[in-house]
Amino acid sequence: MGEVPVDRTYSVESHHHNLLETAIGNKQLARESRIYSYGKSFNGFVARLLPNEAERLKEEEGVVSVFPNKISKPHTTRSWDFLGMPLEAFGLIVPVSMIRGMDLPHVDGKANA
């Protein structure tokens, strides 16, 4: 895959479906397995495949690489704080001290008594 052919009748998604159909052996399953096609910056796709289907896909002419998704875990659960941008600065978290003593409206719009 890699670069997009210059043929004006070329369809990225159709090409990807054909590759998947060859690897999987079933047209309907091939359509259902494709998650996303990339065709602007580079030619590639994301699909759900069994290990043997991925091996068959690797053998197809023009396929540059096939690799599994990597599950990444965040290094921090406090990303905004880590970046020096606490959510309070954006008004997304209101300190409890600001809520005390405020009249909060009911659903009908009348103030709490």
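The rules behind each value
- Residues numbered from 1 in each chain as written.
- Predicted model: local features only at pLDDT ≥ 70, side-chain atom pairs only at ≥ 80, totals over all residues.
- Heavy atoms only, no water.
- UniProt positions renumbered as here; feature names shortened; annotations may be inferred.
- Core = buried A, V, L, I, M, F, W, Y, C linked by side-chain atoms within 4.5 Å.
- Buried < 20%, exposed > 50% of the residue type's maximum accessible area, 1.4 Å probe, protein only.
- Helix = DSSP H or I, 4+ residues; strand = E, 2+ residues; numbered from the N terminus.
- Contact = heavy atoms within 4.5 Å.
- Pairing = 2+ DSSP bridges.
- Phe/Tyr/Trp six-rings, centres within 6.5 Å; stacked < 30°, edge-to-face > 60°.
- Salt bridge = Lys/Arg side-chain N within 4 Å of Asp/Glu carboxyl O.
- Expected span 1.5 Å × (residues − 1).
- Arc of directions from axis to C-beta.

- If you look the protein chain up in an unreviewed UniProt entry, it shows as Inhibitor I9 domain-containing protein from Sphenostylis stenocarpa.
- Taken directly from UniProt, the Subcellular location (unreviewed entry) text for the protein chain runs: "Secreted".

### Some remarks on the nonpolar core
Then step 1. Residues Leu19, Leu20, Ala23, Ile24, Ala30, Phe45, Leu57 and Val63 constitute the largest nonpolar core, which totals 8 residues.
Then step 2. When residues of this core are assigned to their parent elements, the largest contribution, 4 residues, is made by helix H1 (residues 12-24).
Then step 3. When residues no more than four places from it in sequence are discounted, the contact partners of alanine 30 are His17, Leu20, Glu21 and Ile24.

### As for the pairing of strand S2 (residues 44-47)
Then step 1. As judged from the 4 bridges shared by strand S1 (residues 34-38) and S2, these two strands associate in the antiparallel manner. For tyrosine 38, the partnering residue across the bridge sits in S2 and is glycine 44.

### Regarding the packing of aromatic side chains
Then step 1. In the structure shown here, the tally under the stated rule is 2 aromatic pairs.
Then step 2. When the centroid spacing of 4.7 Å and the interplanar angle of 70° are considered together, the rings of tyrosine 36 and tyrosine 38 count as edge-to-face.
Then step 3. The exposure class assigned to tyrosine 36 is partly exposed, which follows from its relative accessible area of 46%.
Then step 4. Look at tyrosine 38 and you get partly exposed, because its relative accessible area is 34%.
Then step 5. Ring pairs connect the aromatic residues Tyr36, Tyr38 and Phe42, which therefore count as one cluster.

### Things to note about the pattern of salt bridges
Then step 1. A full pass over the atoms with the stated rule returns 2 salt bridges.
Then step 2. The partner of glutamate 55 in a salt bridge is lysine 58, and the shortest N-O contact between them spans 3.3 Å. One end of the pair, glutamate 55, and the other, lysine 58, are both in helix H3 (residues 51-58), 3 residues apart, so they sit about a helical turn from each other.

### Some words on H1
Then step 1. Taking 1.5 Å per residue, 13 residues should reach 18 Å; H1 reaches 18 Å between its end C-alpha atoms and fits that length.
Then step 2. On the buried face of H1, the contacting elements are helix H2 (27-33), S1, S2 and H3.
Then step 3. Positive backbone phi, approximately 90°, marks glycine 25, located one or two places after H1.

### Comments concerning H3
Then step 1. Listing the buried residues of H3 in full gives Glu53, Ala54 and Leu57. Buried residues in H3, looked at end-on, bunch into an arc of 100°, giving them a common side.
Then step 2. On its buried side, H3 packs onto H1 and S2.

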